[in-house]
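# Observations on the three-dimensional arrangement
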Amino acid sequence: MTTENEPLRQRVDYGDQQIERGHGGETHQVAGDGVPPLTTQQGAVVSDDQNTLRVGERGPDALEDFHFREKITHFDHERIPERVVHARGYGAHGYFENYEPLADLTRADLFSEAGLRTPVFVRFSTVAGNKGSSDLARDVRGFATKFYTREGNWDLVGNNIPVFFIQDAMKFPDVVHAAKQEPDREFPQAQTAHDNFWDFVSLMPESTHMLMWIMSDRAIPRSFRFMEGFGVHTFRLVTAAGRSTFVKFHWKPSQGMQSVVWNEALKINGADPDFHRRDLWQAISEGSFPEWELGLQLFDDEFADRFGFDILDPTKIIPEEEVPVRRVGRLVLDRMPQNFFADTEQVAFHTGNVVPGIDFTNDPLLQGRNFSYLDTQLNRFNSTNFTHLPINAPKCPFANFQQDGFMAMYGPRTRANYEPNSWGAQEGGPREDPAAGFSSHPGGDLSNDSGPKRRLRPESFADHYSQARQFFISQTEVEQRHLIDAFVFELSKCDRVEIRTRMVAGLRNVHEDLARAVAGGLGLTELPAPLTPAREPVADLPASPALSILRNGPDSFAGRKIGVLVTNGIDAAVLEQLRSAAQREHVNVELVAPTVGGIDVGNGARLPADQKIDGGPSVLYDAVVVLTSKDGATELAAMPAARDFVTDAYAHCKFIGFTGDAGPLFEASGVAPLMDGGFIALDERSPEDFIARCGELRFWDRVPAQ
Ligand code: HDE
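Let me sum up the structure you'll find in this document. Fair warning: this is a prediction, and the values are worked out from it, not measured in the lab.

## As for the overall build of the protein
On a plain count of helices and strands, the protein comes out with 19 helices and 21 strands. In terms of C-alpha radius of gyration, the protein reaches 29 Å, essentially the compact-globule figure of 27 Å for 706 residues. Along the first, second and third principal axes, the C-alpha set of the protein runs to 90 × 80 × 55 Å. Looking at the protein as a whole, 51% of its 706 residues qualify as buried. If you take every contact in the protein between residues at least 6 apart in sequence, the share linking residues at least 24 apart comes to 71%. For the protein, the exposed surface amounts to about 32800 Å²; the carbon and sulfur share of it is 51%. Each charge sign in the protein was given a centre, from 70 positive and 100 negative side chains, and these centres are 2 Å apart.

Dropping the structure here:
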């Protein structure tokens, strides 16, 4: 206890508890109780976490300060190597619910019963950027799912794009090196808009189809919740009797697909580099659990033989119009990890993690992946025992004779730690089970899967352009425009003119309109001759509407966010009506105001704001409303951030709700003479009408947004 003569040396205020420390080091808890004590890793309760143990008042630290040594040593070792690709990721827990038994297709237990729920962990990611890079990079998104089935873990390690850059795993280090920062200067971060990337891909025609996808809006999703997922490779489903069906896996978002536009992406990266993380965190925390349906494209050898491309070639899709996607279950993400590192950073996916009933094909990319994923985890964890971490361990019983190593948490519990052994059921430990165990499908049903040892690319992989063209013609005009602009943007960041030219030469094999538009955008004076294709592309593949995002929009605004720009003196009733209508439609509303302290709404009442205008630009919202008083609009008109709020919403083709008082701000922003059908007057139309219109997501008739 301190006395009046003995002044306090230190007071630590925890909000709900205060600790005072007296002259002689004694402590006195002034208020607060019932919180768990802070302990060392050994469980010893810590009395003082503010001061090191010191000899004399101003003397040196004592080496015996075990609490300090343990704390600082642990801190010094906090980093593990980030993933060599997909370093930036965000994950959530949930479950997969199977719709109906699929025993006619697979013996996989997770598909065996209607309504069966299998726990899952999903990690979304970008590919090229470092762990601390921004969410809105133009990039492929990883969509990796670990199913903790009753018969072992199955990892479906997919992407949000159904094809890949390369056909052979041998080229993976090259494509990744080319895409990441250039080695001499260590920039640019998280972007492919640089010489090395375009140099490489322009020399690799097999990447052309993938380039179409990453230059499309698929590569700038509005959030993880609004994107599709794909297993990419052809896999096999195998029944108990050993019958195999080829399968391509799809994830279909129940929220519908949605992307942002490129100019918006650039700005979101500045305003909120964690935009995708925050979105998933908010949705799950608010109980609005994102869902996807698992879809299967199923086909047999006969289809594989007659299909125009090799089903083992990961640069090709099978159009949904040719083999429909059968929806067999739903994935629900309903719980965020309690600790990011423990789950999202430490989760270790591996394409080789399959369960009985699911098997590989000879896709050369998949075969290479089956080696790489285990190897990469050894580098990340420095131990084979990463499988012992709770996020990686199966949730079903497991037993084997693997033992020891760094950080082992289990090992054989029996006398025998080898097999065969003669120790009997109790002491002998687990045994193999030929009937229930995983048995590989013998394959052999595709031609050319045996023969002399050679390094070659099959002739059936030689067409690099036809499906790229199919992708292009399947897009709406707006989407084609975005794709062209993306090529122009990226290639304009290449210093070497010959790289730009070679890329345009490749695009001439895709579509003449595309090549010409990109050449025009780059200011190329002459159109280069087309590259000589390895095989003449076919020009008559039909459009596949399923490939367009805009043709497959959500028809509802649920799960989206409206930013309402407000000022003092607004009509609070209008805001209230908007808020209740939004709530009914499961739409979020955020108030953006001149100060975060909020606004006066008359009679001394104040409404707190969610964002100060500078920190809440319209790029963070799917639609905006300008709800001001007349004086408020005049005040906003003088603020650059408020004018940007309006001009950006306009340029990004967003729906803009407003009341008549907004006039001065619209005048100052230059949009007053441009007002079109995307502006909705809330004095004339109900908030319900406004939200229904917002379900179209963007007013694309305005101008092609870049
Ligand atoms: Fe990966 N990939 N990959 N990849 N990949 C990794 O494994 C690799 C490929 C994908 O959230 C690494 O744990 C090779 C295609 C996702 O933790 C590494 C090849 C597809 C993730 C690796 C490919 C993917 C990875 C790095 C070509 C879509 C993140 C860290 C043969 C179907 C998983 C790690 C997570 C991660 C290797 C190509 C998806 C190095 C060799 C195609 C979603 O093992």
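## A word on the side chain of Asp65
Considering the arrangement of structural elements, one finds Asp65 in the loop between β3 (27-31) and α1 (66-76). Summary of buried charges: Asp65 has no salt-bridge partner, and the nearest side chain of opposite charge, Arg69, is 6.9 Å away. Of note is the side chain of Asp65, whose polar atom sits 3.1 Å from the backbone nitrogen of Phe68. In this structure, Asp65 is in contact with Thr52 and Leu53, ignoring residues within four places of it in sequence.

## Overview of the sheet that holds strand β14 (residues 561-566)
Across a sheet, strands are paired by hydrogen bonds formed along the backbone, either parallel or antiparallel in direction. In spatial order, the strands read β18-β15-β14-β19-β20-β21; together these six strands make up an open sheet with parallel pairing. Looking at the sheet topology across the chains shown, the edges are occupied by β18 (611-612) and β21 (679-681). Of the strand pairs in this sheet, strand β19 (residues 623-627) and strand β20 (residues 656-658) are connected by three bridges, and their pairing is parallel. Bridging from a neighbouring strand, Val624 pairs with Ile656 of β20. On the sheet, helix α19 (residues 687-694) packs against β14, β19, β20 and β21 and is oriented at approximately 150° with respect to β19.

## As for the pairing of strand β7 (residues 152-159)
The buried fraction of β7 amounts to eight of the eight residues, a majority that puts the element mostly inside the structure. Relative to β7, strand β6 (residues 141-149) runs antiparallel, the two being bridged by eight bridges. Within β7, the position partnered with Gly142 by the bridge is Asn159. Counting the residues that bridge the hairpin from β6 to β7 gives two residues.

## Thoughts on the coordination of the iron atom of the ligand
For the iron atom of the ligand, the protein contributes exactly one donor atom, Tyr373 (OH), at 1.9 Å. For Tyr373, the position within the fold is in helix α9 (residues 364-381).

## Describing the environment of Val596
You can see Val596 is positioned in the loop between β15 (588-593) and β16 (599-600). Residues in contact with Val596, not counting those within four places in the same chain, are Pro608, Ala609, Asp610, Gln611 and Lys612.

## Regarding the packing of aromatic side chains
Evaluated as defined, the whole model comprises 32 aromatic pairs. Centroid distance Phe398 to Tyr410: 5.4 Å. Interplanar angle 75°. Geometry classified as edge-to-face. Placement of Phe398 in the loop between α9 and α10 (424-427) and of Tyr410 in the loop between α9 and α10 is noted, with a sequence separation of 12 residues between them. Residue Tyr410 is classed as partly exposed on the basis of its relative accessible area, which comes to 31%. The interplanar angle of 65° and the centroid separation of 6.0 Å between the aromatic rings of Phe655 and Phe699 together place this pair among those described as edge-to-face. On the criterion of sequence distance, the pair formed by Phe655 in the loop between α17 (640-651) and β20 and Phe699 in the segment after α19 is long-range, its members being 44 residues apart.

## Quick word on the site of the ligand
In the region of the ligand, 22 residues are neighbours, and Arg83, Arg123, Arg369, Tyr373 and Gln377 sit closest. Within the side chain of Arg369, a nitrogen or oxygen atom sits 3.3 Å from a nitrogen atom of the ligand. Side-chain polar atom of Tyr373 to a nitrogen atom of the ligand: 2.6 Å apart, as the coordinates give it. For the shell around the ligand, the secondary-structure elements that each account for two or more residues are β6, β7 and α9. A per-element tally of the shell around the ligand places α9 first, with six residues. Split by residue class, the shell around the ligand holds 11 nonpolar, eight polar and three charged.

## Concerning a nonpolar patch on the surface
Together, Phe68, Ile72 and Phe75 line one region of the surface with nonpolar side chains, adding up to about 270 Å² of accessible area. Positionally, Ile72 belongs in helix α1. Note on Ile72: relative accessible area 35%, which makes it partly exposed.

## Description of the pairing of β19
The buried fraction of β19 is high, at five of five residues. Taking every second residue as pointing to the same face, both faces of β19 are buried, with Ala623, Val625 and Leu627 on one and Val624 and Val626 on the other. Inspection of the sheet shows β14 paired to β19 by five bridges, in the parallel sense. Within the sheet, the bridge partner assigned to Leu565 lies in β19 and is Val626.

## Looking at unusual backbone geometry
Here Phe187 and Pro188 are connected by a cis peptide whose omega angle stands at 5°. Structurally, the position occupied by Pro188 is in the loop between α2 (172-179) and α3 (195-202). Pro420 follows Glu419 through a cis peptide bond whose omega is 5°. Position of Pro420 among the secondary structure elements: in the loop between α9 and α10. The backbone phi angle of His86 is positive, close to 60°, even though this residue is not glycine. Here His86 is to be found in the loop between α1 and β4 (89-98). One non-glycine residue, His586, lies in positive phi territory at about 60°. Residue classification places His586 among the exposed positions, given a relative accessible area of 61%.

## Notes on the side chain of Asn421
In this fold, Asn421 is placed in the loop between α9 and α10. Its relative accessible area of 16% is what places Asn421 among the buried residues. Here the side chain of Asn421 touches Gly428 through a polar contact of 2.8 Å, landing on its backbone oxygen.

Reading the values: rules and limits
- Residues numbered from 1 in each chain as written.
- Predicted model: local features only at pLDDT ≥ 70, side-chain atom pairs only at ≥ 80, totals over all residues.
- Heavy atoms only, no water.
- Helix = DSSP H or I, 4+ residues; strand = E, 2+ residues; numbered from the N terminus.
- Rg over C-alpha atoms; globule rule 2.2 N^0.38 Å.
- Buried < 20%, exposed > 50% of the residue type's maximum accessible area, 1.4 Å probe, protein only.
- Contact = heavy atoms within 4.5 Å.
- Areas by Shrake-Rupley, 256 points an atom, 1.4 Å probe, with all protein chains shown as cover.
- Lys, Arg positive; Asp, Glu negative; His and termini not counted.
- Charge placed at Lys NZ, Arg CZ, Asp CG, Glu CD.
- Salt bridge = Lys/Arg side-chain N within 4 Å of Asp/Glu carboxyl O.
- Polar contact = N/O pair within 3.5 Å; in protein donor to acceptor, adjacent residues only side chain to side chain.
- Pairing = 2+ DSSP bridges.
- Axes fitted to C-alpha atoms, helices over the stretch in contact; angles between N-to-C directions.
- Donors = N, O, S within 2.8 Å, 3.2 Å for Na, K, Ca; no water.
- Phe/Tyr/Trp six-rings, centres within 6.5 Å; stacked < 30°, edge-to-face > 60°.
- Near = heavy atom within 4 Å.
- Nonpolar A, V, L, I, M, F, W, Y, C, P; charged D, E, K, R; others polar.
- Patch = residues over 30% accessible without salt bridge, like charges linked within 9 Å, V, L, I, M, F, W, Y side chains within 5 Å.

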